[in-house]
Amino acid sequence: MTESANTCAVHGLRARKREATRSAITSAARRFTVDHGLNGFTIEQLCADVGISRRTFFNYFPSKEDAIVGHLLDEFPADAMAAFTDGGHGEGVARGPQGLTTTLLRDLFELTVAMTDQLDFTREDVRALIEVMKVEPQLMIKMMGSAEAREHEFAHVITEREGLPPDDPTALLVAGLFGTLSRRASQKFFSGENALAYRDILASHLAQAQQFFAFPL
């Protein structure tokens, strides 16, 4: 292996370790919040659970609230993300009139479902977190304020797949529309009366949106 390849491998390993640590912090922060409330645990207790120092925590997140919100890209399984990115490259990839791959919507669907499938939160956990947010205004504000930032993260993933420049308006539009549909699907999935799989709910929302946009201007 060349020196350049060795360097890339080391950087890749470090990046994966950072992502794993960041994801572990968020997972623990959400679990602690569900069990104890936002003010029912300290950063020191969170660090002890994850096995990191307080200094390390602040290398990743400026506050408990930010740790709970987390980082969108940590929630995507690596194999699903690789499949999504690879779908925009290679010979024979079909593209529509706007230059986007014709499989973009399908692949966004599969990526989002894969992300949901790997989450270890039960519906009861999510409902408990929602109840916490109702009595912790600062956490609700943080969650709401993160929506736009997370859409930009999602748009970045799309630009990388589609070979578009950063902050491309088309990618931002796709991320915004798909984000809205996936959030509404999540709301229905985690509701008390729901008995449907997340995949089926999101597929239904996408089908309805496709039908709506099929109308001429």
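Above this text sits the structure in question.
Residues numbered from 1 in each chain as written. Predicted model: local features only at pLDDT ≥ 70, side-chain atom pairs only at ≥ 80, totals over all residues. Heavy atoms only, no water.

Caption draft 1: Region of interest: the overall build of the chain. A count of helices and strands for the chain gives ten helices and zero strands. For the chain, the sequential pattern of α-helices and β-strands runs α-α-α-α-α-α-α-α-α-α. Looking at the chain as a whole, 37% of its 217 residues qualify as buried. Counting contacts in the chain only where the partners sit at least 6 residues apart, residues at least 24 apart contribute 65% of the total. (Helix = DSSP H or I, 4+ residues; strand = E, 2+ residues; numbered from the N terminus. Buried < 20%, exposed > 50% of the residue type's maximum accessible area, 1.4 Å probe, protein only. Contact = heavy atoms within 4.5 Å.)

Caption draft 2: Inspection of a nonpolar patch on the surface at higher detail. A cluster of nonpolar side chains, Leu-173, Leu-177, Phe-212, Phe-213 and Phe-215, forms an exposed patch at the surface whose accessible area comes to about 600 Å². With respect to the helices and strands, the residue Phe-215 is situated in the segment after helix H10 (198-213). Judged by relative accessible area, Phe-215 falls into the exposed class, the value being 58%. (Patch = residues over 30% accessible without salt bridge, like charges linked within 9 Å, V, L, I, M, F, W, Y side chains within 5 Å. Areas by Shrake-Rupley, 256 points an atom, 1.4 Å probe, with all protein chains shown as cover. Salt bridge = Lys/Arg side-chain N within 4 Å of Asp/Glu carboxyl O.)

Caption draft 3: How the structure looks around unusual backbone geometry. In the Ramachandran plot, Asp-167 falls in the positive-phi region, its phi being about 60 degrees despite a non-glycine side chain. Summarising the element assignment, Asp-167 is placed in the loop between helix H8 (137-162) and helix H9 (169-189).

Caption draft 4: Structural context of the packing of H9 against H10. Across the interface, H9 lies against H10 with an axial gap of 9 Å and an inter-helix angle of 135 degrees. Considered as vectors, H9 and H10 are oriented oblique to each other. Crossing of H9 against H10: the hand is right-handed. Of the residues in H10, those touching H9 at Phe-178, Leu-181, Ser-182, Arg-184, Ala-185, Ser-186, Lys-188 and Phe-189 are Tyr-198, Ile-201, Leu-202, His-205, Leu-206 and Ala-209. In terms of residue class, the contact of H9 with H10 is made up of nine nonpolar, three polar and two charged. (Axes fitted to C-alpha atoms, helices over the stretch in contact; angles between N-to-C directions. Parallel < 35°, antiparallel > 145°, perpendicular 65-115°, else oblique. Left-handed = near helix turned anticlockwise from the far one by under 90°. Nonpolar A, V, L, I, M, F, W, Y, C, P; charged D, E, K, R; others polar.)

Caption draft 5: Focus on the nonpolar core. Phe-84, Leu-104, Leu-108, Phe-154, Ile-158 and Leu-202 are the most contacted members of the largest nonpolar core, which totals 29 residues. At the level of secondary structure, the elements contributing two or more residues to this core comprise helix H5 (78-86), helix H6 (104-118), H8, H9 and H10. In this structure, Ala-28, Leu-46, Phe-57 and Phe-61 belong to the second largest nonpolar core, which totals 18 residues. (Core = buried A, V, L, I, M, F, W, Y, C linked by side-chain atoms within 4.5 Å.)

Caption draft 6: Local environment of helix H2 (residues 43-50). Those residues of H2 lying buried are Ile-43, Leu-46 and Cys-47. Down the axis of H2, the buried set is contained in an arc of 100 degrees. They therefore lie on one face. Two residues or fewer after H2 comes Gly-51, characterised by a positive phi angle close to 90 degrees. (Arc of directions from axis to C-beta.)

Caption draft 7: Expanded view of the pattern of salt bridges. Following the criterion strictly, the structure yields eight salt bridges and no others. A salt bridge links Asp-49 to Arg-31, with the nearest nitrogen and oxygen atoms 3.0 Å apart. Taken together, the residues span a long stretch of sequence, with Asp-49 in helix H2 and Arg-31 in helix H1 (residues 3-36) at a distance of 18 residues. Judged by relative accessible area, which is 37%, Arg-31 ranks as partly exposed. A salt bridge links Arg-199 to Glu-110; the nearest nitrogen and oxygen atoms lie 2.9 Å apart. Of this pair, Arg-199 sits in helix H10 while Glu-110 sits in helix H6; the two residues are 89 residues apart in sequence, bridging distant segments of the chain. Linked through salt bridges whose partners overlap, the residues forming this network are Arg-95, Arg-106, Asp-107, Arg-161 and Glu-162.

Caption draft 8: How the structure looks around the side chain of Arg-30. Structurally, Arg-30 is set in helix H1. A polar contact of 2.8 Å, which involves the side chain of Arg-30, links it to the backbone oxygen of Ile-68. (Polar contact = N/O pair within 3.5 Å; in protein donor to acceptor, adjacent residues only side chain to side chain.)

Caption draft 9: View of the packing of aromatic side chains. Applying the stated criterion to the full structure yields six aromatic pairs. Taken together, the ring pairs in this structure connect Phe-57, Phe-58 and Phe-61 into an aromatic cluster. A cation sits over an aromatic face here: Lys-64 above Phe-41, 4.5 Å from the ring centre. Just above the ring of Phe-84 sits the side chain of Arg-161; from NZ or CZ to the centre is 4.8 Å. (Phe/Tyr/Trp six-rings, centres within 6.5 Å; stacked < 30°, edge-to-face > 60°. Lys NZ or Arg CZ within 6 Å of the ring centre and 35° of its normal.)

Caption draft 10: Inspection of the environment of Glu-148 at higher detail. Assignment of secondary structure puts Glu-148 in helix H8. Each C-alpha atom of the pair Glu-148 and Gly-179 lies 9.8 Å from the other, and the pair is 31 residues apart in sequence.

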